[in-house]
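The lines below spell out each chain.
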Amino acid sequence: MVKAVTDHSTPSLASLGWTEFFGDQLEPGEANLVPTRIATVHRDRLTGLSQAGPVDLTLAAQANTGDYAVGDWVLVDGHEHLVKRRLTRKTVLERRTQGGGRVPQLAAANVDTLFIVTSCNADFNPARLERYLALANEAGTTPVILLTKADTAEDAETYQKQAAALQRGLPVVMLNPRTSDAATVLAAWCGVGQTVALIGSSGVGKSTLVNTLAGSAQQSPQQTGGIREHDSKGRHTTTSRSLHSIAGGGWVIDTPGMRTLQVSDVGYGIDTLFAEITELAPLCKFRDCTHVHEPGCAVQAALKAGTLDPERLARWRKLSDENQNNTPVQSGPRGAKTSGGRRKRR
């Protein structure tokens, strides 16, 4: 079970991540219910954290643990520990996997910052990083790329430059997840009440970084493992999601390694990621320009002028096509069809 605090004082709701966004959702008659944050989600049970400390939660007979994500806020009966209602999420990280159907898999909720972890070796893959960035943008979280294993690379700065070029204003940090300095470097995103989540393929140091950030506040350290030397691919060590307190007062959520990530319903995230293309589109002669062969295409003009990277354009096209093909089409007003757009809070 996750430990809520490191001392014997009663934690405030704010220190657990509670904000006015959640407080404004309380309804008359719910004053006797206890705001509780989901700490772990298992197949048949949930655990949570409240001002009173850790608690094993009970679900109603018709409820399913799959409807909850680590980081969710719920209102709980203080006597039976029965979950009465889940509050609307401020942000939600979810994904669809290849062959996983139309129902997305919940990864984490109410995350302020998403640490996208990769290493300075064969794991570094701009196309995969762009998928994570699109996911973070759509979810409403702040993405930060963390580069590990820089000490083993001869050209670590090259990796940093490539990562920083993936999105405007994107913070990129090089660190060693095994040293205490890592917690100091990331302190700006890990303050009291702040929640961060880690995502990335296996073997890049996510679980090690969770252990470093949590420090002595963690009762059960995350298991860590190595990588295969011939292809730099890691072995899965995290098999479930969990919320851990950070020594600096924040919270961190570890997630299982994601080597494949299917994009779906992330139109806003892609537009933000490829802003240099998104901003050119309105300048095209035709509103429905495909940016391939039409006359007066501003995107093709930028490509010919050398101000637009052709590899970025190719990756934008691939992600956009995949997103359009995978995004469920919903009926809008008067039967109109709509898809994409920024994800709504749920």
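Just so we're clear, the structure is a prediction, and the values are computed from it rather than from any experiment.

Caption draft 1: The arrangement of helix 9 (residues 310-326) in detail. For helix 9, with 17 residues, the first-to-last C-alpha span of 24 Å sits near the 24 Å given by 1.5 Å per residue. Among the residues making up helix 9, those that are buried are Arg 312, Leu 313, Arg 315, Trp 316, Leu 319, Ser 320, Glu 322 and Asn 323. Its side-chain oxygen at 3.0 Å from the backbone nitrogen of Glu 311, Asp 309 defines the N-terminal cap of helix 9.

Caption draft 2: Structural view of the pairing of strand 12 (residues 242-245). Here strand 12 shows no split at all, with Ser 242 and His 244 on one side and Leu 243 and Ser 245 on the other all buried. One ladder, built from four bridges, connects strand 12 with strand 13 (residues 251-254); its direction is antiparallel. Looking at strand 13, one finds that Leu 243 is bridged to Ile 253. Here strand 12 folds back onto strand 13, and the loop between the two strands holds five residues, one of which, Gly 249, carries a positive phi near 110°.

Caption draft 3: Layout of the environment of Gln 160. Positionally, Gln 160 belongs in helix 3 (residues 156-164). Sequence separation between Gln 160 and Ala 150 is 10 residues, and the spatial gap between their C-alpha atoms is 9.5 Å. Within the structure, Gln 160 has its side chain in polar contact with the backbone oxygen of Val 172 (distance 3.5 Å).

Caption draft 4: Structural detail: the packing of aromatic side chains. For the structure on display, the rule yields six aromatic pairs. Seen from their ring centres, Trp 18 and Phe 22 are 5.9 Å apart, and the 40° between their planes marks the pair as tilted. There is no split in this pair, since Trp 18 and Phe 22 are both buried. Note on Phe 21 and Phe 22: the rings are 5.2 Å apart at their centroids and 85° apart in plane angle, and the pair reads as edge-to-face. On the basis of relative accessible area, Phe 22 is assigned to the buried category, the value being 2%.

Caption draft 5: Representation of the pattern of salt bridges within the structure. Tallying each qualifying case throughout the model produces eight salt bridges. Between Glu 30 and Arg 85 there is a salt bridge; the shortest N-O distance is 2.9 Å. Taken together, the residues span a long stretch of sequence, with Glu 30 in the loop between helix 1 (20-23) and strand 1 (33-41) and Arg 85 in strand 5 (residues 83-86) at a distance of 55 residues. What makes Glu 30 buried here is its relative accessible area of 13%. Residue Glu 322 pairs with Arg 131 through a salt bridge whose shortest N-O separation is 2.6 Å. One end of the pair, Glu 322, is in helix 9; the other, Arg 131, is in helix 2 (residues 126-139), and 191 residues separate them in sequence. Each of Glu 130, Glu 276, Arg 312 and Arg 315 takes part in a single network of salt bridges with overlapping partners.

Caption draft 6: Representation of the UniProt feature "binding site: Zn(2+)" (unreviewed entry) in the protein within the structure. The feature "binding site: Zn(2+)" (unreviewed entry), as given by UniProt, occupies Cys 284, Cys 289, His 291 and Cys 297 in the numbering adopted here. Along the chain, Cys 284 turns up in the loop between helix 7 (275-278) and helix 8 (298-305). The class of Cys 284 is buried, set by a relative accessible area of 9%. The residues contacting Cys 284, other than those within four sequence positions of it, are Cys 289, His 291, Gly 296, Cys 297, Ala 298 and Val 299. Not counting residues within four places of it along the chain, the set of residues in contact with His 291 comprises Ala 281, Cys 284, Cys 297, Val 299, Gln 300, Trp 316 and Arg 317.

The rules we used
- Along each chain, residues carry numbers from 1 onward, in the same order as the chain's sequence is written.
- Reporting in this predicted model follows two pLDDT cut-offs: at least 70 for local features of residues, and 80 or more for side-chain atom pairs to be given and counted; totals over whole chains, interfaces and linings ignore these cut-offs and use all residues.
- Hydrogens and water are ignored here; the side-chain numbers use all heavy atoms of the structure.
- Under the scheme used here, helices are H or I runs from DSSP no shorter than 4 residues and strands are E runs no shorter than 2 residues, and both carry numbers assigned from the N terminus.
- Any helix carries an expected span of 1.5 Å times its number of residues minus one.
- Exposure classes here rest on a 1.4 Å probe applied to the protein chains alone. A residue is buried below 20% of its type maximum, exposed above 50%, and partly exposed in between.
- Polar contacts here mean pairs of N or O atoms no more than 3.5 Å apart (in protein, one a potential hydrogen donor and the other a potential acceptor; neighbouring residues in sequence count only if both atoms are side-chain atoms).
- Pairing between two strands requires that DSSP report at least two bridges joining them.
- Aromatic contacts are taken between Phe, Tyr and Trp rings whose centres are within 6.5 Å, Trp giving its six-membered ring; a plane angle under 30 degrees counts as stacked, one over 60 as edge-to-face, and the others as tilted.
- The salt bridge definition used is simple: a Lys or Arg side-chain nitrogen within 4 Å of an Asp or Glu carboxyl oxygen.
- UniProt positions are given in the numbering used here, feature names are shortened, and annotations may be inferred rather than shown by experiment.
- Contact between two residues is taken to exist if any of their heavy atoms lie within 4.5 Å; hydrogens are not considered.

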